[in-house]
Amino acid sequence: MNTEKTYATYLDHMDELSKFRQEFYMPEDTIYLDGNSLGLLSKRGEQAIDDVVNSWKKYAIDGWTEGENPWYYLSEKLGAMTAPLIGAEANEVIVTGSTTTNLHQLVASFYKPDGKKTKILADELNFPSDIYALKSQLKLKGYQPDEHLIQVASNDGNTLKTEDIVKKMTDEVTLIILPGVLYRSGQILDMEKLTKEAHKRGILIGFDLCHSIGSIPHHLSEWGVDFAFWCTYKHLNAGPGSVAGLYVNKRHFGNEPGLAGWYSSAKDKQFDMEHTLTPAADAGAYQIGTPHLLSAAPLLGSLEMFQEAGINQIRQKSLQLTTYLMELIESELADFGFTIANPTNDKMRGGHVFLEHKDAARICKALKADGVIPDFRKPNGIRLAPVALYNTFEEVWNTVQILKTIMKEERFKKYQNERGVIA
Ligand SMILES: *Cc1c(COP(=O)(O)O)cnc(C)c1O
């Protein structure tokens with residue numbers, strides 16, 4: 001392992017994606033390693049917001065059908081632009097709603113308890129919002145979450161074993177919801193295998209791609225996944241509260257959505273204003289109401305860059321960055337009590353490194369004070385996400401040196417070991 005700074009400089013020099021960094025607004029004097037929580041604004045994203053505003057100025061109501069990106073078709077267009085990131089066909093994807101509302105929509109559509117098959121299978125490590133949504137969907141159907149939501153346990157508090165999940169696929173389970181990449185440890189679940197095992201047992205399966213989309217390639221259609229959903233403000237850099245997305249496998253086309261609204265309509269029928277819904281023949285049917293255009297716009301600019309860079313190249317650089325980060329941590333920080341708690345092999349590691357340390361909360365505060373933006377996750381986790389489109393190897397090198405100084409000089413000790421309001 002070469003721990004010299006010149007090696008980082010060399011890696012940056014060799015990096016074919018380095019040109020994208022200048023497209024982003026990098027916060028000044030800061031090493032931003034939190035792009036998996038809130039991705040940075042790009043110039044193209046900003047331009048796309050301006051374009052929608054200008055369309056509104058220029059065309060007013062006619063903006064729905066006029067201009068470069070008529071608003072009436074934007075959700076479909078953005079869906080088509082997203083499709084290559086997840087291995088889907090264009091009309092299997094729609095940009096709409098938020099992660100949590102899309103999960104509600106998809107469970108309302110695909111959870112069909114029948115006889116003995118009444119249970120939903122999830123895991124105990126998923127993001128709370130997903131679990132809240134599943135519990136409330138069960139209650140809406142008159143089922144007790146305590147009995148009807150099964151959460152696969154983790155042995156180590158950080159990762160899940162495929163065989164443990166498969167074991168829980170009993171004949172009482174009708175639907176499975178799991179993350180593609182776990183938000184704390186960054187573990188990638190074997191979506192292909194899990195889908196196969198679920199289908200063997202007549203169970204539908206959907207994935208939350210919040211931490212995987214824009215970070216790793218997916219082949220949802222090839223794998224036969226039933227549905228998926230995700231946010232766009234993490235690796236996709238579409239801004240705080242940006243409009244989310246969902247995928248529905250085309251073999252499920254032609255059904256009514258569980259939660260209908262006039263935007264669920266076939267587009268040519270929508271303005272017939274009839275009281276009987278004619279649902280869109282594709283993933284568009286899972287929309288509900290008028291799209292939030294100002295919050296969808298930045299995706300236009302951002303997805304263009306993903307198209308140009310290519311998700312495979314992004315993944316390759318991301319793996320290089322996280323490998324480099326882990327190697328430096330092992331060689332430079334060995335004496336300071338850190339544990340690398342993400343899976344280390346390339347097949348199971350998502351886009352971030354997850355460190356555990358008993359003083360994690362205050363180490364994060366010390367890092368922030370020294371210009372490195374990490375992400376604290378209760379109770380003892382530090383997420384560091386070097387993002388392929390805008391972070392450099394030199395930033396990774398500098399981060400480890402800064403962290404080493406913080407530990408050596410015990411600078412973290414002047415802070416309380418507690419999380420802030422937003423951790
Ligand atoms: C970020 C994230 C969410 C957030 O849901 P929103 O509806 O966008 O607030 C949900 N689930 C997972 C797994 C996430 O990582």
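In this report, the structure presented in the accompanying data block is examined.

**Things to note about the sheet that holds strand β10 (residues 353-356)**
Okay, so step 1: Spatial strand order, β9-β10-β13-β12: four strands in an open sheet with antiparallel pairing. The sheet is open, and its two edges are formed by β9 (339-340) and β12 (375-377), each paired on a single side.
Okay, so step 2: Across four bridges, the pairing between β10 and strand β13 (residues 381-384) is antiparallel. Residue pairing for β13: Val353 is matched across the bridge by Leu384.
Okay, so step 3: Along the sheet, helix α11 (residues 311-332) makes contact with β9, β10 and β13, crossing β10 at roughly 25 degrees.

**Quick notes on a negative patch on the surface**
Okay, so step 1: Judged by side-chain charge, Glu46, Asp50, Asp51 and Glu68 come together as a negatively charged surface patch.
Okay, so step 2: Looking at the secondary structure, you find Asp51 in helix α2 (residues 43-59).
Okay, so step 3: Take Asp51: its relative accessible area is 35%, and that puts it in the partly exposed class.

**Focus on the packing of aromatic side chains**
Working definition: an aromatic ring pair is given by the centre-to-centre distance plus the angle between the planes.
Okay, so step 1: Following the criterion strictly, the structure yields 14 aromatic pairs and no others.
Okay, so step 2: Measuring from centroid to centroid gives 6.1 Å for Phe110 and Tyr286, while their planes differ by 15 degrees, and the two rings are stacked. Placement of Phe110 in helix α4 (residues 99-110) and of Tyr286 in the loop between β8 (245-248) and α10 (293-309) is noted, with a sequence separation of 176 residues between them. Of the two residues, Phe110 and Tyr286, neither departs from the other in class, the shared state being buried.

**A closer look at the site of the ligand**
Okay, so step 1: Lining the immediate environment of the ligand, one finds Ser98, Thr99, Thr100, Asn126, Phe127, Asp130, Asp208, Cys210, His211, Tyr233 and Lys234.
Okay, so step 2: Thr99 is positioned with one of its side-chain polar atoms (N or O) 3.0 Å from an oxygen atom of the ligand.
Okay, so step 3: Residue His211 places a side-chain N or O atom 3.3 Å away from an oxygen atom belonging to the ligand.
Okay, so step 4: Protein chains bury 86% of the 390 Å² of accessible surface belonging to the ligand in isolation.
Okay, so step 5: Classifying every residue of the shell around the ligand gives three nonpolar, five polar and three charged.

**A closer look at the packing of helix α3 (residues 74-86) against α10**
Okay, so step 1: The contact between α3 and α10 brings their axes to 10 Å, and the two run at 35 degrees. Of the two possible hands of crossing, α3 and α10 adopt the one that is left-handed. Taking contact as the criterion, the partners of Leu74, Lys77, Leu78, Met81, Thr82 and Leu85 in α3 are, on α10, Leu293, Ala296, Leu299, Leu300, Leu303, Glu304, Phe306 and Gln307.
Okay, so step 2: Its residues placed into classes, the contact of α3 with α10 shows 10 nonpolar, two polar and two charged.

Reading guide: rules and limits
- Residues numbered from 1 in each chain as written.
- Predicted model: local features only at pLDDT ≥ 70, side-chain atom pairs only at ≥ 80, totals over all residues.
- Heavy atoms only, no water.
- Pairing = 2+ DSSP bridges.
- Helix = DSSP H or I, 4+ residues; strand = E, 2+ residues; numbered from the N terminus.
- Contact = heavy atoms within 4.5 Å.
- Axes fitted to C-alpha atoms, helices over the stretch in contact; angles between N-to-C directions.
- Patch = residues over 30% accessible without salt bridge, like charges linked within 9 Å, V, L, I, M, F, W, Y side chains within 5 Å.
- Areas by Shrake-Rupley, 256 points an atom, 1.4 Å probe, with all protein chains shown as cover.
- Salt bridge = Lys/Arg side-chain N within 4 Å of Asp/Glu carboxyl O.
- Lys, Arg positive; Asp, Glu negative; His and termini not counted.
- Charge placed at Lys NZ, Arg CZ, Asp CG, Glu CD.
- Buried < 20%, exposed > 50% of the residue type's maximum accessible area, 1.4 Å probe, protein only.
- Phe/Tyr/Trp six-rings, centres within 6.5 Å; stacked < 30°, edge-to-face > 60°.
- Near = heavy atom within 4 Å.
- Polar contact = N/O pair within 3.5 Å; in protein donor to acceptor, adjacent residues only side chain to side chain.
- Nonpolar A, V, L, I, M, F, W, Y, C, P; charged D, E, K, R; others polar.
- Left-handed = near helix turned anticlockwise from the far one by under 90°.

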